[in-house]
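This is what each chain is made of:
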Amino acid sequence: MKVKTISTENFVLTKMTAADGDKYFRLSNNDNVMKFVTGHALDRQESDKMLQTFLAEYGTDTFLGRYLIEGRFSGELIGTAKLDMDGSGVEIGYRIMEEHWGKGIATEIARGLISFARQTLNAKQVIAYVNVDNAASIRVLEKAGMVNAERIEDPDEVKFKFIFSPQKSVVKKTLGPLLMLIRKLYAVKKN
């Protein structure tokens, strides 16, 4: 099976290969990017070893595994993403290069991964894990329609397990405008 790319409006996710060592090192050699992954930037040897571990996990003949995120039109390296099996569900993940933080990129990627996992992989459940101190990533997952389902205390990390909940998104989209209208009417009546 030839694995195709995953696309969002602005980005293309391409399955990583052994030839991507330089690109992966650019991402993994940053303390801030790796803070909630390894706790420190990786040197080239550590980065190459991590990449080889990822590649050995799923190979190139499946949608599961690690992806490079690049600009759809620019080809610029943006980060990496993952799709992994977690029980009967699919786990999503992403790492964005620091110069691209705060631009909504992670949210677009998370939404794209959720959609791909549900539509192409027919995932019964889409999950993500996030360190309890990673406030930015927690906000990304919430914006992508995921809800915090569980706190997990591992020996080396305390993290939250987020689960995609389309019902929350539908309720929020449906009831949000209605609640705003009720508040406005109440404010008008009060005055």
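The rules behind each value
Residues numbered from 1 in each chain as written. Predicted model: local features only at pLDDT ≥ 70, side-chain atom pairs only at ≥ 80, totals over all residues. Heavy atoms only, no water. 1 Å grid on protein atoms, 1.4 Å probe; cavity = no way out; pocket = protein on both sides within 12 Å on 5 of 7 lines; lining within 4 Å. Points joined across faces, edges and corners; volume = space filled by probe spheres on them. Helix = DSSP H or I, 4+ residues; strand = E, 2+ residues; numbered from the N terminus. Nonpolar A, V, L, I, M, F, W, Y, C, P; charged D, E, K, R; others polar. Core = buried A, V, L, I, M, F, W, Y, C linked by side-chain atoms within 4.5 Å. Buried < 20%, exposed > 50% of the residue type's maximum accessible area, 1.4 Å probe, protein only. Contact = heavy atoms within 4.5 Å.

This next bit is on empty space enclosed by the protein. Over the atoms, a rolled probe matching the size of one water molecule traces out where space is still vacant. Applying the stated criterion to the full structure yields one cavity of 30 Å³ or more. Taken as a whole, the largest cavity spans an internal volume of roughly 40 Å³. Taken together, K15, M16, F54, L55, Y58, G59, L64, G65 and R66 make up the lining of the largest cavity. Only helix 3 (44–58) and strand 3 (65–71) provide two or more residues apiece to the lining of the largest cavity. At three residues, the largest contribution of residues to the lining of the largest cavity is made by helix 3. Considering only residue class, the lining of the largest cavity consists of five nonpolar, two polar and two charged.

Once that is clear, we can look at the nonpolar core. By size, the foremost hydrophobic cluster in this structure holds 35 residues, and its most contacted members are L13, I69, L83, I92, I109, V126 and M146. Element by element, the count of residues in this core is highest for helix 4 (residues 105–119), at eight residues. If we ignore the near neighbours within four places in the chain, the residues touching I69 are F11, V12, L13, E76, L77, I78, G79, T80, A81, R95, I96 and I109. If you look at the next biggest cluster of nonpolar residues, it comprises 13 residues, including L27, L51, F54 and L68.

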